[in-house]
Every structure is written in structure tokens, then in C-alpha cells.
Amino acid sequence: MQTITTVAELRHTLEKCRRADQLVGFVPTMGYLHDGHLALIAASQAKCDVTVVSIFVNPTQFGRNEDLSSYPRDFLRDQELCRGQGVAILFAPGAHEVYPSYFETFVEPGDLAKPLCGAFRPGHFRGVATVVCKLFNMVQPDVAFFGQKDFQQCAVVRRMAIDLNLPIEIVTVPTVREQDGLAMSSRNRYLSEEERHQALAISRGLAAALNEFCSGERRVEKLIAVAKKHLETVDTLQYLELVDGDTLKTADSPLRRPAALCAAAYVGSTRLIDNVILTLPTR
Ligand code: PAF
């Protein structure tokens with residue numbers, strides 16, 4: 001595995017892969033890798049000839065009072081994990097490589113970035129879209145892999161790729177969960193033992209609603225109520241919304257189209273997100 005920190009070296013190395021007609025898969029991350037990231041890497045390895053993983057904690061997607069400075073980092077461990085997964089290139093640019101002095105050009109997503117997390121984290125998806133677009137331009141992958149846990153991020157990135165004519169296939173990989181159901185997240189490490197237990201309310205609530213849905217319930221209010229009962233125990237429920245799977249607007253009741261039940265909650269001072277996809281059976 002090559003660890004590369006500059007765009008020039010990355011381009012030079014990938015040039016050889018492209019000349020050999022190799023399919024390049026890309027897994028963008030902010031590091032502190034967990035099994036969710038490893039599932040993205042495995043999906044890339046299964047589909048592509050070469051996998052590039054990036055590690056960059058992107059400052060432009062963090063709000064002023066968010067956890068940029070304390071975001072968990074362990075580069076050597078991440079490097080070992082990537083090596084163990086057979087990753088070909090680990091791209092770990094410094095802040096100046098990504099955002100040179102006088103940087104002032106951003107990608108501004110539209111309505112998909114407004115509800116859910118977008119309503120509580122102003123500018124977050126502008127930062128995500130900008131850095132993902134820049135990383136796409138640096139790596140120029142054929143396929144890029146994102147986790148379903150960040151459902152809205154997947155929608156924003158997919159839209160951006162279409163709108164900006166980026167010739168990249170966007171693959172969404174199902175959320176990887178701990179044995180008890182908690183969605184894997186780098187932020188889980190902030191949780192105390194008690195909070196870790198409390199956090200289970202999120203996945204349990206969503207799973208209960210999914211269960212009702214699978215048993216035939218289609219009323220939006222009912223599905224939300226089922227999830228909400230579990231979520232009463234979290235410190236602050238930021239949102240619990242059933243949205244249309246494509247537009248992310250509030251889903252019409254009864255459900256007739258693919259939808260997603262999405263939640264964000266604070267457990268202690270840790271903000272966690274999760275979702276389940278509600279897909280209607282095909283007749
Ligand atoms: O999902 C993440 O880890 C980040 O939002 C991403 C896609 C790497 C952009 O910084």
C-alpha cells in the first residue's frame with residue numbers, strides 16, 4: 001500500500017492504473033476507521049481493481065461549535081487497517097493540499113441539503129459537497145462508496161454527481177451495526193458505558209418502526225409514533241422524520257413510495273444519526 005499526501009503524487013500513481021485500464025474505486029473517509037468503513041472498502045475491492053481510501057477530517061463540514069478539534073484520529077491504526085484490507089493507495093492530504101490559501105469556491109447543494117441534518121447543521125452539506133467534489137477531482141475514481149448511515153449525504157452526493165456531470169458511479173453500502181444494533185460511527189467512542197446503552201434507543205426505535213412497516217403498517221404518523229416511544233429515553237431527539245426516499249421531503253401518508261425513517265439524537269453531548277429504508281414490496 002502506498003501512502004500519498006499530495007495531489008501530484010496521487011495523479012502520477014493513478015495514471016499508471018488508468019493506463020492499465022484498471023477500474024478505480026474510492027472510499028472517502030475522515031479516518032478513525034471502523035467496520036462500517038471496512039465494509040465500504042470491501043465493496044470497493046469486490047467491484048474494482050484498485051481501491052483508494054482517503055483520510056481527511058474536513059474542516060468545512062463542521063460548524064463553529066462542533067467537534068472538529070476533538071474529532072477522533074488514529075492515523076497509524078487506520079493505515080494498518082487499510083493495509084490489512086489490501087487497499088492500494090491511502091490518500092491523506094494535509095489541510096493546505098485540500099484548501100490552499102485564498103480558497104473561496106464552494107459547491108452549494110440545493111433542496112436535498114435543507115431538511116434533516118441540514119436544518120440543524122447549517123453549511124454542513126456545502127462543506128461535504130465541496131470536499132467530495134474536490135476529492136473526486138483529485139482521485140478521478142470510476143466508482144465511489146458511501147455508507148447508508150449518512151443517508152442524506154448519499155442523496156446530496158448522488159445529486160451532485162448528476163448535476164455536475166461527474167462520470168462516477170455512486171454506490172451506497174448498507175449500514176453496519178454493532179451486535180446490539182447500534183449503527184457504527186467514529187463518534188460512538190465518545191459514549192460512556194451508560195450513554196452507549198442509552199444510544200440503543202435510536203436503532204431500537206427505528207427497527208421497531210421497520211418491523212411495523214414490514215407487518216403492513218403504512219401510516220406515517222403511526223410509524224413515527226412506534227419509533228418515538230423508544231426514543232423517549234435519549235437526551236435530546238433532534239429529529240425523527242419519515243421522508244420520501246428520493247426528494248427527502250416529508251413522506252405522504254399512507255406510504256406509497258420508497259421512504260426513509262431518519263433520526264438524529266444527542267446522547268450526552270454526542271450527536272448520533274441513524275435511519276432505516278422502507279421499501280414497498282414489488283407486486
Ligand atoms: O462521511 C464522511 O466521513 C465525510 O462526510 C466524507 C464523505 C469523507 C467527506 O468529508
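Residues numbered from 1 in each chain as written. Predicted model: local features only at pLDDT ≥ 70, side-chain atom pairs only at ≥ 80, totals over all residues. Heavy atoms only, no water.

Asks: If you had to explain the overall build of the chain to someone new, which residues and values would you point to?
Replies: Along the backbone of the chain there are ten helices and nine strands. Overall, the chain is about 55 × 45 × 40 Å in size when its C-alpha atoms are taken along their principal axes. Long-range pairs, those at least 24 residues apart, make up 71% of the contacts in the chain with a sequence separation of at least 6. Of the roughly 13,900 Å² that the chain leaves accessible, carbon and sulfur atoms contribute 49%. With 31 positive and 33 negative side-chain charges, the chain shows a separation of 3 Å between the mean positions of the two kinds. (Helix = DSSP H or I, 4+ residues; strand = E, 2+ residues; numbered from the N terminus. Contact = heavy atoms within 4.5 Å. Areas by Shrake-Rupley, 256 points an atom, 1.4 Å probe, with all protein chains shown as cover. Lys, Arg positive; Asp, Glu negative; His and termini not counted. Charge placed at Lys NZ, Arg CZ, Asp CG, Glu CD.)

Asks: So what about the site of the ligand? Which residues, and what values?
Replies: All residues adjacent to the ligand are Pro-28, Thr-29, Met-30, Asn-58, Gln-61, Val-131, Val-132, Phe-146, Asp-150 and Gln-153. Gln-61 places a polar side-chain atom, nitrogen or oxygen, 2.6 Å from an oxygen atom of the ligand. Between Gln-153 and the ligand, the recorded distance is 2.7 Å, taken from a side-chain N or O atom to an oxygen atom. Summarising the interface, the protein chains cover 89% of the accessible area of the ligand, which totals 290 Å² for the free molecule. Of all elements in the fold, only β2 (24-29) and α6 (124-139) reach the threshold of two or more residues within the shell around the ligand. By residue class, the composition of the shell around the ligand is five nonpolar, four polar and one charged. (Near = heavy atom within 4 Å. Polar contact = N/O pair within 3.5 Å; in protein donor to acceptor, adjacent residues only side chain to side chain. Nonpolar A, V, L, I, M, F, W, Y, C, P; charged D, E, K, R; others polar.)

Asks: Could you give an account of the pattern of salt bridges, naming the residues involved and the relevant values?
Replies: Counted according to the given criterion, the structure contains 14 salt bridges. Between Lys-47 and Glu-169 there is a salt bridge, and its shortest N-O distance comes to 3.3 Å. Of this pair, Lys-47 sits in helix α2 (residues 35-47) while Glu-169 sits in strand β6 (residues 169-173), and the two are 122 residues apart along the sequence. Residue Lys-47 is classed as partly exposed on the basis of its relative accessible area, which comes to 40%. Overall, the relative accessible area of 40% leaves Glu-169 in the partly exposed class. Between Arg-126 and Glu-108 there is a salt bridge, with the nearest N and O atoms lying 3.1 Å from each other. Of this pair, Arg-126 sits in helix α6 while Glu-108 sits in the loop between α4 (95-98) and α5 (117-120), placing them 18 residues apart in sequence. We classify Glu-108 as exposed; its relative accessible area is 59%. Connected through salt bridges with shared partners, the residues Asp-244, Asp-246 and Arg-257 form a single ionic network. (Salt bridge = Lys/Arg side-chain N within 4 Å of Asp/Glu carboxyl O. Buried < 20%, exposed > 50% of the residue type's maximum accessible area, 1.4 Å probe, protein only.)

Asks: How would you sum up the sheet that holds strand β9 (residues 270-278)? Please name residues and give values.
Replies: With respect to topology, three strands assemble into an open sheet ordered β7-β8-β9, the strand pairing being antiparallel. Looking at which strands have only one partner, the edges of the open sheet turn out to be β7 (236-244) and β9. Recorded for the sheet is a direction-independent mean angle of 10 degrees between the axes of neighbouring strands. Where strand β8 (residues 259-267) and β9 come together, nine bridges link them in antiparallel fashion. Paired with Ala-263 across the bridge in β9 is Asp-274. (Pairing = 2+ DSSP bridges. Axes fitted to C-alpha atoms, helices over the stretch in contact; angles between N-to-C directions.)

Asks: Tell me about the packing of α6 against helix α7 (residues 151-163), and please be specific about residues and values.
Replies: Between α6 and α7, the shortest axis-to-axis distance is 10 Å and the interhelical angle comes to 50 degrees. Taken together, α6 and α7 sit at an angle that is classed as oblique. Crossing angle aside, the handedness with which α6 passes α7 is right-handed. Contacts between α6 and α7 pair Phe-125, Val-128, Ala-129, Val-132, Cys-133 and Phe-136 from the former with Gln-152, Gln-153, Val-156, Val-157 and Met-160 from the latter. For the contact of α6 with α7, a count of residues per class yields nine nonpolar, two polar and no charged. (Parallel < 35°, antiparallel > 145°, perpendicular 65-115°, else oblique. Left-handed = near helix turned anticlockwise from the far one by under 90°.)

Asks: Would you mind going over the side chain of Ser-185 in detail, with residue names and values included?
Replies: Within the element layout of this structure, Ser-185 appears in the loop between β6 and α8 (193-198). In this structure the side chain of Ser-185 is engaged in a polar contact, spanning 3.0 Å, whose partner is the backbone nitrogen of Arg-187. Once you skip the residues sitting within four places of it in the chain, Ser-185 turns out to touch His-34 and Lys-149.

Asks: Describe the packing of aromatic side chains, naming the residues involved and giving the relevant values.
Replies: Summed over the entire model, instances satisfying the criterion amount to seven aromatic pairs. Relative to Tyr-99, the ring of Phe-56 lies with its centre 6.2 Å away and its plane at 45 degrees, an arrangement referred to as tilted. On the criterion of sequence distance, the pair formed by Phe-56 in the loop between β3 (50-55) and α3 (75-84) and Tyr-99 in the loop between α4 and α5 is long-range, its members being 43 residues apart. A ring pair is formed by Phe-136 and Phe-146, whose centres lie 6.3 Å apart and whose planes are at 75 degrees; its orientation type is edge-to-face. You can see Phe-136 sitting in helix α6 and its partner Phe-146 sitting in strand β5 (residues 143-147), a full ten residues away along the chain. (Phe/Tyr/Trp six-rings, centres within 6.5 Å; stacked < 30°, edge-to-face > 60°.)

Purely geometric stuff here, so don't read any function into it on its own.
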